[in-house]
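Each chain, written out:
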Amino acid sequence: MRTLVFFGATGNLFTRRILPALANLSREEEFTVIALGRRFNDVASYRSFVLPFLPDSSPLLERLVYLQGDILNPKELIPKLSPLLQEGPIYFYLATLPSLYRLALSAIKELVALRNPEELFIALEKPFGKDRRDFLSLKEDLRSVFPEDHIFYVDHYLGKGTVQNLIILKAENLFLERLLSREFVSEVRIAIFEEEGVGERAAFYEETGAIRDIFQNHLLQILTLFAVDIPPLCDEDRRECNRFLMQLAEERTKLLTFLRLPESNLIELGQYAGYRDEVGNTESRRETFFCFPVFLDTERWKGVPFYLASGKKLQAKRSFIEVLFHSAVSPPNRISIEIQPEERIDLMLFVRKPGRNLDSLPVRLNFAASGTFQAKSPEAYEKILYDFLHNDRTLFPSSSFVEESWKATEKLLHLLEANPPKLCRYREGVLTPEALFTAKRIPDEMCLERF
Ligand SMILES: NC(=O)c1ccc[n+]([C@@H]2O[C@H](COP(=O)([O-])OP(=O)(O)OC[C@H]3O[C@@H](n4cnc5c(N)ncnc54)[C@H](OP(=O)(O)O)[C@@H]3O)[C@@H](O)[C@H]2O)c1
């Protein structure tokens, strides 16, 4: 029997995202779950705490064992946890504070000292270290217990339906695969817009900022999955396709080595108006917003700017990729691939306007997953957990990818340190993608000041 052990099983991520996904999976998959947390003294209180997050009649509740334990006190934790670990594969999952990862790992090391490493797996949530050096030392700790290909760095964006659709879009639509190159594309925009502020993560955010929190992982993941060459190999028997997908992580890492950063004057940083009060630091220069172009110096993409943007307290929550094509008319033809809130793809074309003349107007041809399919795409975490349990690494970044993405992030942070740009203190809840990408910066009327 497979055992899943969750560190952080009373936390926000576990209860809101992981638990419902586990409940769905438990209808098809055999496993038991050990849920570790500090907050509750007994199983009954834990069960009534998680009940509202579980769908009715889920078999999961039967298989859920709660254990109260403090990672800071391994001498007590290890003897309590050890007898619960049955024979068979064990899947550890770190959904707790990253500052506790090392301690959790040393407890795990002791717990599984006599086990066959082939039966040990681990998944962990970002951030993967504070910088490249910190990541390499975390990786060393992980490798002292787990084989390299049993370590799963989770980026939940890659579990989202539209992001995976990028593979199919390119592999099975030959014309599109050809169009997605510098010959036809003038600009690509990848954006993750958030409506919320830092909320309860103030201390974490003040140390981290938007570049480390979003650029280093989600945006570089989406960028490379979008831009990587996916050959149209997915023929009927899919063998070639599957063989290629196995190498996808490696291909994306390679692509990252071609990443070129812009001149510093093209980098826009911002901080939302109420941020300093929220984090209790009247001097803070921490960025809650960024927008800048990067380039991929490859045969396919040389010279095409990829604008990467993300921020908090913007007008609405929205993530998307937008591809603009060279065009004689305005606005240019484009494909928008929306990741959230809806899974949809829009193609903007010009058609003839009804009437006597040959006037044109832009229209959208669209695909919306919710209108086309009865069944909903599984939530991102269901896909992630399923792949983790089945040792399918297609959608997980390799450790060399994480290292390479830290290299790019550090280069960017050094560039900003050497030439610090002024930050725009932006009004909350007003910036839209349209306004941002028209100006390629936060429009002046939305900045209370630049400091
Ligand atoms: N929330 C999200 O949507 C999200 C998204 C992406 C990534 N992440 C990542 O996921 C991880 C967890 O985030 P979260 O939002 O779930 O945090 P959270 O709500 O603060 O939960 C932290 C968890 O860690 C446990 N914990 C804290 N100190 C402990 C200790 N000394 N011993 C044992 N357990 C301890 C807490 O247990 P008690 O409360 O019982 O003390 C709780 O279960 C972080 O790495 C975060 O960056 C979160």
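Further up the page is the structure itself.
So, here is what we can say about the structure in this document. (Residues numbered from 1 in each chain as written. Predicted model: local features only at pLDDT ≥ 70, side-chain atom pairs only at ≥ 80, totals over all residues. Heavy atoms only, no water.)

**What about the overall build of the chain?**
Filter applied, for reference: Helix and strand assignments come from DSSP, with helices taken as H or I runs of at least 4 residues and strands as E runs of at least 2, each series counted from the N terminus. Residue burial is assigned from relative accessible area. The probe radius is 1.4 Å, only protein chains are included, and a residue is buried under 20% of its type maximum, exposed over 50%, and partly exposed in between. Only heavy atoms enter the contact rule, under which two residues are in contact if any of them lie within 4.5 Å. All accessibility values rest on the Shrake-Rupley procedure with a 1.4 Å probe; residue burial counts only the protein chains present in the view. When charges are counted, neither His nor the chain ends are considered; positive counts come from Lys and Arg and negative counts from Asp and Glu. Charge placement uses NZ in Lys and CZ in Arg. For Asp and Glu, CG and CD serve respectively.
Counting secondary structure elements, the chain contains 15 helices and 17 strands. Seen through its principal axes, the chain has C-alpha atoms that stretch 80 × 60 × 40 Å. Within the chain, the proportion of its 451 residues that are buried is 53%. Of the contacts made within the chain by residues no fewer than 6 positions apart, 74% connect residues no fewer than 24 positions apart. Of the roughly 21200 Å² that the chain leaves accessible, carbon and sulfur atoms contribute 50%. Charged side chains of the chain number 58 positive and 65 negative; the gap between the two group centres comes to 3 Å.

**So, the state of the cysteines**
For the record, the criterion: Cysteine sulfur atoms are paired as a disulfide whenever they fall within 2.5 Å.
Going through the model one piece at a time under the given rule, you end up with one disulfide. The side chain of Cys-424 participates in a disulfide bridge whose partner is Cys-447; the two sulfur atoms lie 2.2 Å from each other. Handedness here is read from the sign of the S-S torsion; for Cys-424 and Cys-447, about -110 degrees, the answer is left-handed. A residue pair is termed long-range when its members are at least 10 positions apart, and Cys-424 in strand 16 (residues 423-426) and Cys-447 in strand 17 (residues 447-450) qualify at 23 residues. Here Cys-424 falls in the buried class, since its relative accessible area comes to 0%. For the unlinked cysteine Cys-291, the closest cysteine sulfur is that of Cys-424, found at 12 Å. Judged by its relative accessible area of 0%, Cys-291 falls in the buried class.

**Overview of the layout of surface pockets**
As a reminder of what qualifies: A cavity here means a set of 1 Å grid points, computed over protein atoms only, where a 1.4 Å probe fits but cannot escape. A pocket is an open set with protein on both sides within 12 Å along at least 5 of 7 lines, and lining residues have an atom within 4 Å of a point. Grid points are joined across faces, edges and corners, and a volume is the space filled by probe spheres set on the points. Only Asp, Glu, Lys and Arg are considered charged in this grouping, and only Ala, Val, Leu, Ile, Met, Phe, Trp, Tyr, Cys and Pro are considered nonpolar; every other residue, Gly among them, is considered polar.
Space inside the second largest pocket adds up to approximately 370 Å³. Along its surface, the second largest pocket is lined by 16 residues, and Arg-212, Arg-286, Leu-413, Leu-416 and Glu-417 are the ones closest to its centre. Elements with a minimum of two residues in the lining of the second largest pocket: helix 8 (202-227) and helix 14 (399-418). Ranked by the residues each element gives to the lining of the second largest pocket, the list is headed by helix 14, at five residues. Considered class by class, the residues forming the lining of the second largest pocket number seven nonpolar, one polar and eight charged.

**Considerations on the side chain of Thr-224**
Selection criterion: Polar contact is defined as a pair of N or O atoms within 3.5 Å, subject to the rule that within protein one atom must be able to donate a hydrogen and the other to accept it, and that residues adjacent in sequence are counted only when both atoms are side-chain atoms.
By the element assignment, Thr-224 lies in helix 8. Engagement of the side chain of Thr-224 in a polar contact is seen with the backbone oxygen of Gln-221, the distance being 3.1 Å. Excluding residues within four positions of it along the chain, Thr-224 makes contact with Arg-252, Leu-255, Leu-256 and Phe-401.

**Considerations on helix 13 (residues 380-389)**
Across the ten residues of helix 13, eight count as buried, placing the element largely inside the fold. For helix 13, the complete set of buried residues consists of Ala-380, Tyr-381, Glu-382, Ile-384, Leu-385, Asp-387, Phe-388 and Leu-389. The positive-phi residue at the C-terminal boundary of helix 13 is Asn-391, with phi of around 50 degrees.

**Some thoughts on unusual backbone geometry**
With an omega dihedral of 0 degrees, the bond running from Lys-126 to Pro-127 counts as a cis peptide bond. Take Pro-127: it is sitting in the loop between strand 5 (120-125) and helix 5 (132-143). Geometrically, the link from Ser-330 to Pro-331 is a cis peptide bond, its omega value of -5 degrees lying close to zero. Tracing the backbone through its elements, the reader meets Pro-331 in the loop between strand 12 (318-325) and strand 13 (334-340). One non-glycine residue with positive phi stands out, namely Asn-391, at about 50 degrees. Within the element layout of this structure, Asn-391 appears in the loop between helix 13 and helix 14.

**Section: empty space enclosed by the protein**
Scanning all chains against the criterion turns up one cavity of 30 Å³ or more. Each pocket or cavity is described by its volume, and for the largest cavity that value is around 30 Å³. Lining the largest cavity are Asp-155, Leu-158, Gly-159, Lys-383, Ile-384, Asp-387, Leu-395 and Phe-396. In terms of residue class, the lining of the largest cavity is built from four nonpolar, one polar and three charged.

**Details of the packing of helix 4 (residues 101-111) against helix 5**
Stated precisely, the cut-off is as follows: For helices, the fitted line uses only the C-alpha atoms of the stretch in contact; every axis is such a line through C-alpha atoms, and the angle between N-to-C directions lies from 0 to 180 degrees. Reported orientations rely on four angle classes, namely roughly parallel under 35 degrees, roughly antiparallel over 145, roughly perpendicular from 65 to 115, and oblique for the rest. A crossing counts as left-handed when the near helix is turned anticlockwise from the far one by less than a right angle, and as right-handed when that turn is clockwise.
The geometry of helix 4 relative to helix 5 is characterised by a closest axis approach of 10 Å and an angle of 15 degrees between their N-to-C directions. Classified by the interaxial angle, the pair formed by helix 4 and helix 5 is roughly parallel. Taken as a pair, helix 4 and helix 5 cross one another with a handedness that is left-handed. Residue-level contacts link Tyr-101, Arg-102 and Leu-105 of helix 4 to Asp-134, Ser-137, Leu-138, Asp-141 and Leu-142 of helix 5. Looking at the contact of helix 4 with helix 5 residue by residue, the class counts come to four nonpolar, one polar and three charged.

**Considering the site of the ligand**
Note the following rule: Proximity is defined per residue: if any heavy atom of the residue lies within 4 Å of a molecule or strand, that residue is considered near it.
By nearness alone, 23 residues border the ligand, and Thr-10, Arg-38, Arg-39, Asp-70 and Thr-96 come closest of all. Residue Leu-13 places a main-chain N or O atom 2.8 Å away from an oxygen atom belonging to the ligand. Note that a nitrogen atom of the ligand is positioned 2.8 Å from one of the backbone N or O atoms of Ile-71. Burial of the ligand by the protein amounts to 81% of the accessible area it has alone, namely 890 Å². With three residues, helix 1 (residues 12-25) is the single largest residue contributor to the shell around the ligand. In the shell around the ligand, the residues fall into ten nonpolar, seven polar and six charged.

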